[in-house]
Amino acid sequence: MSSSQPKPSEITPKEVWLTRRRWIQSGLALGVLGATAGAGAWWWGREPDEATPARHGRPLEGVVKTGYRVDEPLTDYADVTHYNNFLELGSDKETPAERAAFLPTRPWTVRVDGECEAPGEIDIETILKVYPREERVYRFRCVEAWYMVVPWVGFSLGDLLRRFKPTSKAKYVAFESLYDPDHPLPGQRRLRLGWPYREGLRMDEAMHPLTLLATGLYGEELPAQNGAPLRLVVPWKYGFKSIKSVVRIHFSEHQPVTTWNRLQSDEYGFYANVNPEVDHPRWSQRRHRVLGASVFAGKQPTQMFNGYAAEVAGLYRGMDLHKFF
Ligand code: MTE
């Protein structure tokens, strides 16, 4: 059933990959006219062009290195910031960086409400002032079977959640990304995804110290294409859970509706824990391609919970891990 390589329709609604196919078709048409660009290479994602170095953001002061640090080579800044999934800005890997300027990142306010005693708002300047700037080097595994190692800057989500005093009824936490119907972002204008992008975690997952709210990477402010000014990072789950550009957090008694789970529940589970033993219906999850690595390096084996089993397996004791992809 599964093939060894993700297809262009990987983690992508039909509408998006049809657009990709149209591009590929036009690429082929160009080929007839004498161009040599390979359409196949197109959807695998070009590696960033070394001749045009990646633009850097403002350095963040007071960044403290912590023990949350995997002992693996860091993925290059250029790869981390130019090979992105951010449908609000575009549906291939390069356009989010090219369209970074479309994302208005200031002023920025996060609304926190639902099952809590102190609902309210907090702006990004306060977040940057009040919460630590910890550098944590995490593994990041996309459901599309690519992988990177990123030095994020941020703090545990639980620190922010406690400020709003969740009640005992708060069993889940729901997140929403930026969506202003009067000023949609380029991808929101083109794709009918049911905006805003939504994600969710169980309360104990949200309060787990590894669950990070990132405000930066590589010691600099988070680039727009990586989810500025504030994004979630859940390193033991597939990357689509790590929602970008968060504007709302909602405590809820019931499991929230999430974007990918609603679009294709048989392919994208609510839990979405990295699990090499559960194939995606269209490809294997046993191995992954390390972003930026030489093509001769081959694919690397994927670890259960992306290598964080010692820290998080206890959260799922008694659950059938095959069922809770
Ligand atoms: N968040 C929003 N708002 N929109 C998105 O399209 N894509 C998700 C996730 N968060 C996405 C998002 C997916 S599929 C992945 S793999 C990661 O962001 C990619 O993060 P990166 O671009 O920083 O590598």
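Located above this text is the structure these notes cover.
First things first, this report covers the structure right here in the doc. These numbers were taken from a predicted model, which means no experiment stands behind them.

1. Regarding the overall build of the protein chain
Within the protein chain, the secondary structure is distributed over 10 helices and 13 strands. Buried residues in the protein chain amount to 53% of all 325 residues. Counted over contacts in the protein chain with a minimum sequence separation of 6, partners at least 24 positions apart contribute 73%. Carbon and sulfur atoms make up 54% of the accessible area of the protein chain, which totals about 15100 Å².

2. Notes on the site of the ligand
By nearness alone, 19 residues border the ligand, and Leu-87, Glu-88, Ser-177, Arg-231 and Lys-244 come closest of all. At a separation of 2.8 Å, a nitrogen atom of the ligand approaches a polar side-chain atom of Glu-88. In the model, an oxygen atom of the ligand is placed 2.9 Å from a nitrogen or oxygen of the Arg-231 side chain. Per-class residue counts for the shell around the ligand are 10 nonpolar, six polar and three charged.

3. Let's talk about the packing of aromatic side chains
Going through the model one piece at a time under the given rule, you end up with 13 aromatic pairs. Seen from their ring centres, Tyr-172 and Phe-270 are 6.0 Å apart, and the 75° between their planes marks the pair as edge-to-face. Of this pair, Tyr-172 sits in strand 6 (residues 172-177) while Phe-270 sits in the loop between helix 9 (259-263) and strand 12 (287-290), and the two are 98 residues apart along the sequence. Considered together, Tyr-172 and Phe-270 belong to a single accessibility category, that of buried residues. Three or more aromatic residues link up through ring pairs in this structure, and these residues are Tyr-172, Phe-270, Tyr-271, Phe-305 and Tyr-316.

4. What about the pattern of salt bridges?
The final tally for this structure, using the stated rule, is 17 salt bridges. The closest approach of N and O atoms between Glu-135 and Lys-65, which form a salt bridge, is 3.2 Å. Taken as a pair, Glu-135 in strand 4 (residues 134-141) and Lys-65 in strand 1 (residues 64-69) lie far apart in primary sequence, 70 residues in all. Glu-135 sits in the buried class, given a relative accessible area of 9%. For Arg-69, the salt bridge identified is with Glu-135, shortest N-O distance 2.7 Å. Here Arg-69 is found in strand 1, whereas its partner Glu-135 is found in strand 4, with 66 residues between them in sequence. Members of the salt-bridge network, linked through shared partners, are Arg-111, Asp-113, Glu-176, Arg-198 and Arg-248.

5. Brief notes about the side chain of Asn-84
For Asn-84, the position within the fold is in the loop between helix 3 (77-82) and helix 4 (95-98). A residue is classified by how much of its surface remains accessible, and Asn-84, at 4% relative accessible area, is buried. In terms of polar contacts, Asn-84 uses its side chain to reach the backbone carbonyl oxygen of Val-80, at 3.1 Å. Here Asn-84 is in contact with Asp-92, Lys-93, Pro-96, Gln-225, Asn-226 and Lys-244, once residues within four sequence places are set aside.

6. As for the nonpolar core
Residues Trp-152 and Ile-249 are the most contacted members of the largest nonpolar core, which totals 86 residues. Those residues in contact with Ile-249 that sit more than four places away from it in its chain are Val-110, Arg-111, Val-112, Asp-113, Leu-157, Leu-160, Leu-161, Val-173, Ala-174 and Phe-175.

Rules and cut-offs
Residues numbered from 1 in each chain as written. Predicted model: local features only at pLDDT ≥ 70, side-chain atom pairs only at ≥ 80, totals over all residues. Heavy atoms only, no water. Helix = DSSP H or I, 4+ residues; strand = E, 2+ residues; numbered from the N terminus. Buried < 20%, exposed > 50% of the residue type's maximum accessible area, 1.4 Å probe, protein only. Contact = heavy atoms within 4.5 Å. Areas by Shrake-Rupley, 256 points an atom, 1.4 Å probe, with all protein chains shown as cover. Near = heavy atom within 4 Å. Polar contact = N/O pair within 3.5 Å; in protein donor to acceptor, adjacent residues only side chain to side chain. Nonpolar A, V, L, I, M, F, W, Y, C, P; charged D, E, K, R; others polar. Phe/Tyr/Trp six-rings, centres within 6.5 Å; stacked < 30°, edge-to-face > 60°. Salt bridge = Lys/Arg side-chain N within 4 Å of Asp/Glu carboxyl O. Core = buried A, V, L, I, M, F, W, Y, C linked by side-chain atoms within 4.5 Å.

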